[in-house]
Amino acid sequence: MITTLLTPPTGRLTQLAAAGRSATPLADGFDWLLEAVYGALLTAMSELTGIDMLGYAYMQRAYLAAICIAIIGPVVGTFLVHRELSMLSDTLAHTAFAGVALGLFLNSVFSLSVSPIITAFVVAIVTALLVELLIDHADTYGDTSLAMVLTGGFAVGSILITATGGGIAVGINAYLFGSLATVSKTDIGLLILMSLIVGAVVTLAYRPLVYVTFDAPAARAARFNVRHYKRLLVVLTAGVVVSAMQIMGVILVAAMLVIPVAAAAPVARSFKQSIWLAIIAGQLATVIGVTVAYQFGIAAGGSIVVTALLVYLGVVAGRRVRREVPLLLSAMLYRYRRRRSPKQVSADGGDERK
Amino acid sequence: MTATVDQPPIVLDHVRFGYTATPVVEGVSLTVESGDFLGIVGPNGSGKSTLLDLMLGLRAPDWGEVRLFGEQATEFGDGTRIGYVPQDAAAVPEQMPLTVREVVEMGRYPHRTVGRFSRTDTAAIEEAIEAVDVGDITNRRISTLSGGQRQRVFIARALAAEADLLALDEPTVGIDAESVESFYELLSTLHDSGLTICLIEHDLGAVTRYATEVACIDTQLYFHGDSADLLATDALADAYGTEQRLIRQNA
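An unreviewed UniProt entry lists chain B under the name Cobalamin import ATP-binding protein BtuD, with Halonotius pteroides as the source organism. Listed in UniProt under the heading Subunit (unreviewed entry), the comment for chain B reads: "The complex is composed of two ATP-binding proteins (BtuD), two transmembrane proteins (BtuC) and a solute-binding protein (BtuF)."

As annotated in an unreviewed UniProt entry, chain A carries the name Metal ABC transporter permease and is attributed to Halonotius pteroides. What the UniProt record of chain A gives under Subcellular location (unreviewed entry) is the line "Membrane". The record in UniProt for chain A states the following under Sequence similarities (unreviewed entry): "Belongs to the ABC-3 integral membrane protein family."

Engineer: I would appreciate a short explanation of the interface of chain A and chain B in the present structure.
Structural biologist: How big an interface is tends to be reported as the loss of accessible area on association of its parts. Taken together, the 26 residues of chain A in the interface contact 36 residues of chain B. Across the interface of chain A and chain B, roughly 2,400 Å² is buried in total on both sides, 61% from carbon and sulfur atoms. For chain A, the biggest contributors to the area lost against chain B are R207, F214 and R223 of chain A; these three give 35% of the whole. The tally of links between chain A and chain B comes to one salt bridge. For R157 of chain B, the salt bridge is made with D215 of chain A, and the minimal N-O distance between the two is 2.9 Å. Inspection of the chain A/chain B interface yields 13 residue pairs in polar contact (both at pLDDT 80 or more). Listing elements by their share of the side of chain A that touches chain B, those giving two or more residues are α10 (206–214), α11 (216–221) and α14 (271–296) of chain A. It is α10 of chain A that contributes the most residues to the side of chain A that touches chain B, six residues altogether.

Engineer: Honestly, the nonpolar core in this entry has me stumped. Any pointers?
Structural biologist: What tends to happen in soluble globular proteins is that the nonpolar side chains get buried as a cluster. By size, the foremost hydrophobic cluster in this structure holds 144 residues, and its most contacted members are I155 and L187 of chain B. Element by element, the count of residues in this core is highest for helix α4 (residues 57–82) of chain A, at 14 residues. Here this core gathers at least three residues from each of two domains, domain 1 (1–55) and domain 2 (56–318) of chain A. Apart from residues lying up to four places away in sequence, I155 of chain B is in contact with V132, L166, L168, F183, L186, L187 and L190 of chain B.

Engineer: Would you mind going over the domain arrangement of chain A with me for this structure?
Structural biologist: All names here are of chain A. When its domains are assigned, chain A resolves into domain 1 (1–55) and domain 2 (56–318). With 17 residues of domain 1 at the contact, the number on the domain 2 side is 14 residues. Between domain 1 and domain 2, the buried area comes to about 1,300 Å², and carbon and sulfur atoms account for 68% of it. Run the count over domain 1 and domain 2 and you get one salt bridge. The interface formed by domain 1 and domain 2 holds seven residue pairs in polar contact (both at pLDDT 80 or more) in total. Put simply, the parts of the chain that give the side of domain 1 that touches domain 2 at least two residues each are α2 (12–19) and α3 (25–49).

Engineer: Before we go on, may I ask you to explain unusual backbone geometry in this structure?
Structural biologist: Most peptide bonds take the trans form, and the phi angle of most residues other than glycine is negative. Residues other than glycine seldom take positive phi values, yet S111 of chain A does so here, at roughly 40 degrees. Mapped onto the secondary structure, S111 of chain A falls in the loop between α5 (86–110) and α6 (116–137). Residue E162 of chain B is not a glycine yet carries a positive backbone phi of 55 degrees. Counting through the fold element by element, E162 of chain B comes out in the loop between α4 (147–160) and β7 (165–169).

Engineer: I tried to follow the pattern of salt bridges on my own but got confused; where do I start?
Structural biologist: Opposite charge on two side chains makes pairing possible when the charged atoms of those side chains draw close. Residue and element names in this part refer to chain A. One pass over the full model with this rule turns up 15 salt bridges over all chains. Ionic pairing is found between E324 and R320, a salt bridge with its closest N-O pair at 3.4 Å. Pair noted here: E324 and R320 are both in helix α15 (residues 300–340), with a separation of four residues, about one helical turn. A relative accessible area of 37% means that E324 is categorised as partly exposed.

Engineer: Could you clarify how one ought to interpret the packing of α4 of chain A against helix α13 (residues 255–264) of chain A in this entry?
Structural biologist: For any two helices packed against each other, the geometry comes down to the angle between their axes and how far apart the axes lie. Residue and element names in this part refer to chain A. With their axes 7 Å apart at the nearest point, α4 and α13 run at an angle of 70 degrees to one another. On the basis of the axis angle, α4 is roughly perpendicular to α13. In contact with I69, A70, G73, P74, V76, G77, T78, L80, V81 and H82 of α4, α13 contributes M256, L257, V258, P260 and V261. Looking at the contact of α4 with α13, its residues break down into 11 nonpolar, four polar and no charged.

Engineer: Explain empty space enclosed by the protein to me, please; I cannot follow it from the model alone.
Structural biologist: Space left empty within the atom packing is revealed by a probe, the size of a water molecule, rolled over the atoms. Throughout the structure, instances matching the rule amount to two cavities of 30 Å³ or more. The volume enclosed by the largest cavity comes to roughly 80 Å³. As for the largest cavity, its lining consists of 14 residues, and the residues nearest its centre are Y211 of chain A together with I82, G83, Y84 and A158 of chain B. Looking at the lining of the largest cavity, the elements that each hand over two or more residues are α11 of chain A together with β6 (82–85) and α4 of chain B. In this structure, the second largest cavity encloses a volume near 30 Å³. Residue lining of the second largest cavity: R83, L209, V212, T213, Y229, K230 and L233 of chain A, and that is the complete set.

Engineer: Looking at this structure, I do not really get the sheet that holds strand β5 (residues 71–72) of chain B. What am I missing?
Structural biologist: For sheets, the rule is that strands pair by backbone hydrogen bonds, running either parallel or antiparallel. Residue and element names in this part refer to chain B. What the four strands build is an open sheet, ordered β2-β1-β4-β5; its pairing is antiparallel. Both outer strands of the open sheet, β2 (25–32) and β5, are each paired with one neighbouring strand and no more. Of the pairings in the sheet, the one linking strand β1 (residues 10–17) to β2 comprises five bridges and is antiparallel in character. Opposite L12, over in β2, you have L30 as the bridge partner.

Engineer: What should I look at first to understand the side chain of E102 of chain B in this one?
Structural biologist: In this fold, E102 of chain B is placed in helix α2 (residues 100–106). K272 of chain A provides the closest opposite charge to the buried, unpaired E102 of chain B, separated from it by 6.5 Å. Once residues within four sequence positions are removed from consideration, E102 of chain B is found in contact with Y206, S270, F271 and K272 of chain A together with P97 and Y109 of chain B.

Conventions and cut-offs
Residues numbered from 1 in each chain as written. Chains lettered and ligands numbered in written order. Predicted model: local features only at pLDDT ≥ 70, side-chain atom pairs only at ≥ 80, totals over all residues. Heavy atoms only, no water. UniProt positions renumbered as here; feature names shortened; annotations may be inferred. Contact = heavy atoms within 4.5 Å. Buried area = accessible area lost by both parts, 1.4 Å probe. Salt bridge = Lys/Arg side-chain N within 4 Å of Asp/Glu carboxyl O. Polar contact = N/O pair within 3.5 Å; in protein donor to acceptor, adjacent residues only side chain to side chain. Helix = DSSP H or I, 4+ residues; strand = E, 2+ residues; numbered from the N terminus. Core = buried A, V, L, I, M, F, W, Y, C linked by side-chain atoms within 4.5 Å. Buried < 20%, exposed > 50% of the residue type's maximum accessible area, 1.4 Å probe, protein only. Domains from an automatic or database assignment. Axes fitted to C-alpha atoms, helices over the stretch in contact; angles between N-to-C directions. Parallel < 35°, antiparallel > 145°, perpendicular 65-115°, else oblique. Nonpolar A, V, L, I, M, F, W, Y, C, P; charged D, E, K, R; others polar. 1 Å grid on protein atoms, 1.4 Å probe; cavity = no way out; pocket = protein on both sides within 12 Å on 5 of 7 lines; lining within 4 Å. Points joined across faces, edges and corners; volume = space filled by probe spheres on them. Pairing = 2+ DSSP bridges. Lys, Arg positive; Asp, Glu negative; His and termini not counted.

This is the structure in structure tokens:
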């Protein structure tokens, strides 16, 4: 077993290695970790357990991506959901789509080779800052601003795609619905980087973020720069949405920032615990979702989101049962006792009616 | 930071503010001395909340000057000295998982934004929890508490900060009469121990009973002085009804 761990198995992994010859020591180190450590570990697990899919490089990458998404989504989502800004993640995902379209458009018109992910990042972050302004200052409700930006982003995206005579429409489906089978090493690197950034930022700024989320006016009076932390949160959201977009799809990515948080909120015993529970709910959703998607050959994004919803429904139903069953039992007991005792005092206290 | 000890917590000097061209607060000058318990009263839309925002440096005046502990209010940087309970603070959504302890701990955040709480921090938090008598419910979610209990928790947040100035915006709205009474008893105790309190209140009875000073405003300042004197003047009639524009200032 030890030899398996130390020497990376060839065959499946060679295609992975050939896919990108890295130039820097950092990238080399990352490749080594991904293949010789993580890949070998899962391959060993696959041989031990007899679960084939753990041995396939693309499935190994899919699981790693899923795990990362189920960390960064719920962590950032917790602050969004409790600021009642769940729709912001969806809005930024749809404007990121405009960013992807812009990248593809620029590449096709000016024959550049800019990665659409970069333009997506730029557009999403710029819109994030703009939306933050709009929520507070537009002459309309906050969620109306979000709905306008969401549809606006998608509209611009669709215009850009069709403006080139359908030439760039080919690759757009992968962005709309996402794909787990084609997770590249760059995607994984991006997600791991995002996980590190989210982890570091939320650890360092946890207290101001919680304060601003719960009571922004009091946080301002306590001299926290509220605007600064609100911006930080929307920029983080943009980052999470774009880095997870290629796997989850533009249309579904917001679910990972919202559903696990909604599942955790009713049962958590504290705010901090709600973040951990949301991560657990997210992991359940993504790992089961990816597995089911593989087994039945269905879209991974869809099966992850449906699993997440099932987790949420499970929590809600569980709470219902815990609350209702004792009530039901005591009602039955009461009825049973009433039937056994023949003498009844009527509800009106036995007053004579005239 | 040398002379701030002797500086009055709040000084307003001919302050004017308007969201549009029409002023919401105009020509207001008043000083809150250290140890005051000031009740701010006035009709709906009279600019009470705006005035409190101006006092705390959360808004900049169009005209005039606001000083917080001797510094220009909007530039004031020491968040540990101010405890603020905004309007509707108690309206916590049911889904919010924050516990009583977590909310009280927020008072300590300006002292320690990153890193573990020190022994002093923890002691201040415990003391604050005891002072408002919520020691037996620290692990409960704030959303499961009654309105009166929630307000006590917000007071504890300010106490944990060891703030010198406590500002509250209509804290007793929607709270039953009995809880209001015990809430004011708590504020009185805190005031006796030296805390400066500024409070917006719609219930004139409560203000005149507990606050030592009252400011009656309707855009302009109609009365500022001893709460016992408020009813003896025409200030209430002026602010709440007639056209008279006269400032009475008790020295």
